[in-house]
Amino acid sequence: MPSSTGIRTRPEVEVRRLGRVPYAEALALQRNLVEERQAGRVGDLLLLVEHPHVLTLGVRGDGGRSHILAPSDVLAARSVEVFETGRGGDITYHGPGQLVGYPIIDLKPDRRDVHRYVRDLEEVLIRVAADYGIEAGRVSGLTGVWVGSSKLAAIGVRIARWVTSHGFALNVTTDLDYFKLIVPCGVADRGVTSLAALLGRDVDQTDAEARVVRHFRDVFA
Amino acid sequence: MSTEVVMPQMGESVTEGTIVRWMKKVGDTIDRDEPLLEITTDKVDAEIPSPAAGVVVEIRVQEGETVAVNHVVAVIGAPDALLAAAAAQPAGLDAAARTAGKQPSTAPSPGDARPVASGEELARERSSPLVRKIAKEHSVDISQIHGSGLAGRVTKHDILEYLEHEGLGGQTGPAQPRAGDRIEKMSVMRKKIAEHMVISRRTSAHVHTVFEVNFSRISGIREARRLEYERAGRKLTYLAFIIKAVAGALQAVPLLNSSVDGDSVIYHKDINIGVAVALDWGLIVPVVKRADAQDLPAISGAIGDLAARARAKQLTPDDVAGGTFTITNPGMLGAQFGMPIINQPQSAILAVGAIEKRPAVVADAVTVQTMAYLALGFDHRIIDGAVADTFMSNVKHALEHWDPDKA
């Protein structure tokens, strides 16, 4: 859409805050929306959700099953669901206190670069961390956003005909004990952290959400 | 007519991709734009649609394999390709695949009239910006590297492997003594230690993790019990508490009390903790047997006895055999923490740093506390970081919450 200055700008990304959504439901919704986006029936979207406790497995090898450290009865006792996804990659934990973002964005025609897309997602989260006075960064070869040697946010992306799905999981007030159930994304010698753990205080989920939205719109403008 | 499907260029700096999954198999019909395969590069998965309608006549790259961008991964034939081929050659699918796969080949044939470029030109022309950047940074001539990519193209993997091996090749020769240097033969013990350390480095995938532990509580308990122990002719050392805490943690996390045997892991029933004792003439590791079954006074007695006999050169072979885990104590000489080498065939080793008073935050106030760093070296072949850290947090918890009645 041409703006008054004659510079081509994108329509603003539509944000849908869905609250607490079971993983399977979010997955089905994304599949549906990816098709809608491919067909041009919807514009670029950012879904923001929170999942009940779930361990999600990838498709490669055993999908990271060997990275579950806890026996299945422990998982059951802590009401952690184990879910096999269609994505690549290793095992990941999602749960309360974690801000999960699923951008459904068409990278055509001018942003067809998967590395750039991942870097952009990392940039959004690095800026959110900076808002809280936290210096977060990238670690070469390890996708995600890191503070020192601890992972603050995980990123895993799927692209079909240049329409994105899956996305990022930012630990806001996540109970980090749950990560002890797994080796996050197969990276064994690095830890996991959250905004609350880094700040040593509680962090308001709505506040974090607002910051994610603002920086997402800036970076993906 | 058939169409080749290539590994797509998913971004400027993307040079290769891994096939995650084929959604179609040879013989399946497919529509144009219907998903054919899924690839992954870093943490990005992409679904690749078929560039043409027809039949999958050939799949050239298997799931899990990584190939360079533009490498042909599959061939889509005309809808009747398989039937025609099958009619001409009853050999079936394989033959059909081969026939159909040959026609559109882009590899230069012997009769190709194109002028032959020099290897270096070709390599420059064909390597990605990333590979060229790495080559420039390391002052490497790309034409010297064997390329495994399409038409001999040098992939990121090729150049990284080349750099790694070059690094080893660049070693300098043995040290030459100069005038005034003293030459001394190694003792048998020194040679054994040397061999043991190098073998361990080569055998295990060493990783280290460091925990800070507050020993103030233990310090208080030691003070309270000092006289009682002295009257019995014993010393209640920090080491005794650490051995007891480690024994408990090994029971909770048995993988740390194991050994690798070929492609098996042996979980040891007994918890036998070796304690590295520095001697004027080297190092020896006597073993506290069944540490899990002994109480603190018994462990204290065992350490005192073993250390005394080690210094008097009176250890028996049995005293140094059967260890399943080792504790070393670089803190004795003031080290904050050490990064120990695993005592083979064990899987983990704990280094105790200096136990000293430091400012520390307790209940939001900076106070003087007795603190130390405990560093664990572990074999990442079988022990993942989360397991090692679970073990360490177990040790830390035991030491920081010690029951004064159990001393």
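The structure under discussion appears in the preceding block.
Conventions and cut-offs
Residues numbered from 1 in each chain as written. Chains lettered and ligands numbered in written order. Predicted model: local features only at pLDDT ≥ 70, side-chain atom pairs only at ≥ 80, totals over all residues. Helix = DSSP H or I, 4+ residues; strand = E, 2+ residues; numbered from the N terminus. Buried ≥ 20, exposed ≤ 12 C-beta atoms within 10 Å, placed from the backbone. Contact = placed C-beta atoms within 7 Å. Expected span 1.5 Å × (residues − 1). Pairing = 2+ DSSP bridges. Axes fitted to C-alpha atoms, helices over the stretch in contact; angles between N-to-C directions. Parallel < 35°, antiparallel > 145°, perpendicular 65-115°, else oblique. Left-handed = near helix turned anticlockwise from the far one by under 90°. Core = buried A, V, L, I, M, F, W, Y, C linked by C-beta atoms within 7 Å. Nonpolar A, V, L, I, M, F, W, Y, C, P; charged D, E, K, R; others polar.

Caption draft 1: Just the overall build of chain A, in detail. Of the regular secondary structure elements, chain A holds 5 helices and 11 strands. Residues classed as buried in chain A amount to 41% of the 221 residues present. Here the analysis covers contacts within chain A between residues at least 6 apart in sequence; of these, 75% occur between residues at least 24 apart.

Caption draft 2: How the structure looks around the overall build of chain B. A tally of regular secondary structure across chain B gives 10 helices and 19 strands. Within the span of chain B, comprising 407 residues, buried residues form 35% of the whole.

Caption draft 3: Molecular detail of helix 10 (residues 385-400) of chain B. Between the first and last C-alpha of helix 10 of chain B there are 22 Å, a value that for 16 residues agrees with the 22 Å anticipated at 1.5 Å per step. Buried-residue contacts for helix 10 of chain B involve strand 9 (206-214), helix 7 (216-231), helix 8 (238-252) and strand 19 (365-379) of chain B.

Caption draft 4: Representation of the sheet that holds strand 4 (residues 81-84) of chain A in the model. Residues and elements named next belong to chain A. The sheet built from 3 strands is open, its strands ordered 4-3-5 with mixed pairing. Edge strands, defined here as strands with exactly one partner in the open sheet, are strand 4 and strand 5 (92-94). The average angle at which neighbouring strand axes cross in this sheet is 25 degrees, direction not considered. Relative to strand 5, strand 3 (residues 54-57) runs antiparallel, the two sharing 3 bridges. Each bridged residue has a counterpart across the sheet, and for leucine 55 the counterpart in strand 5 is tyrosine 93.

Caption draft 5: Inspection of the pairing of strand 10 (residues 258-261) of chain B at higher detail. Residues and elements named next belong to chain B. Note: strand 10 against strand 11 (residues 264-267), 4 bridges, orientation antiparallel. Paired with serine 259 across the strands is isoleucine 266, a residue of strand 11. Count of turn residues in the strand 10/strand 11 antiparallel hairpin: 2 residues, of which glycine 262 carries a positive phi of about 60 degrees.

Caption draft 6: Examining the sheet that holds strand 8 (residues 72-77) of chain B more closely. All names here are of chain B. Spatially, the 4 strands line up as an open sheet ordered 1-8-6-3, and their pairing is antiparallel. Only two strands of the sheet have a single neighbouring strand rather than two, namely strand 1 (3-6) and strand 3 (29-30). With 4 bridges joining them, strand 6 (residues 54-59) and strand 8 adopt antiparallel strand pairing. Residue glutamate 58 lies in a different strand from strand 8, and its bridge partner there is valine 75.

Caption draft 7: Focus on the packing of helix 3 (residues 114-131) of chain A against helix 5 (residues 205-219) of chain A. Residue and element names in this part refer to chain A. Axis separation between helix 3 and helix 5 bottoms out at 9 Å; the angle between their running directions is 135 degrees. The angle between the axes of helix 3 and helix 5 places the two elements in the oblique class. As helix 3 runs across helix 5, the sense of the crossing is right-handed. Residues Asp120, Glu123, Val124, Arg127, Val128 and Asp131 of helix 3 pack against Ala208, Arg211, Val212, His215, Phe216 and Val219 of helix 5.

Caption draft 8: Spotlight on the nonpolar core. The biggest cluster of nonpolar side chains holds 65 residues, and the ones touching the most others in it are A:Leu125, A:Ala153 and A:Leu170. The leading source of residues in this core is helix 3 of chain A, at 9 residues. Discounting chain neighbours no more than four positions away, the residues touching A:Ala153 are A:Leu125, A:Gly144, A:Val145, A:Phe168, A:Ala169, A:Leu170 and A:Asn171. Core analysis: the next-biggest nonpolar cluster, separate from the first, contains 54 residues, B:Leu236, B:Phe241, B:Met392 and B:Leu399 among them.

Caption draft 9: Focus on the packing of helix 8 of chain B against helix 10 of chain B. Residue and element names in this part refer to chain B. Where helix 8 contacts helix 10, the two axes come as close as 9 Å, and the packing angle between them is 135 degrees. Here helix 10 runs oblique to helix 8, going by the angle between their axes. For helix 8 against helix 10, the interelement crossing comes out right-handed. Residues Phe241, Ala245, Val246, Gly248, Ala249 and Ala252 of helix 8 lie in contact with helix 10, whose contacting residues are Phe391, Asn394, Val395, Ala398 and Leu399. Here the residues of the contact of helix 8 with helix 10 sort into 9 nonpolar, 2 polar and no charged.

Bear in mind that shape data such as this cannot, by itself, settle questions of function.
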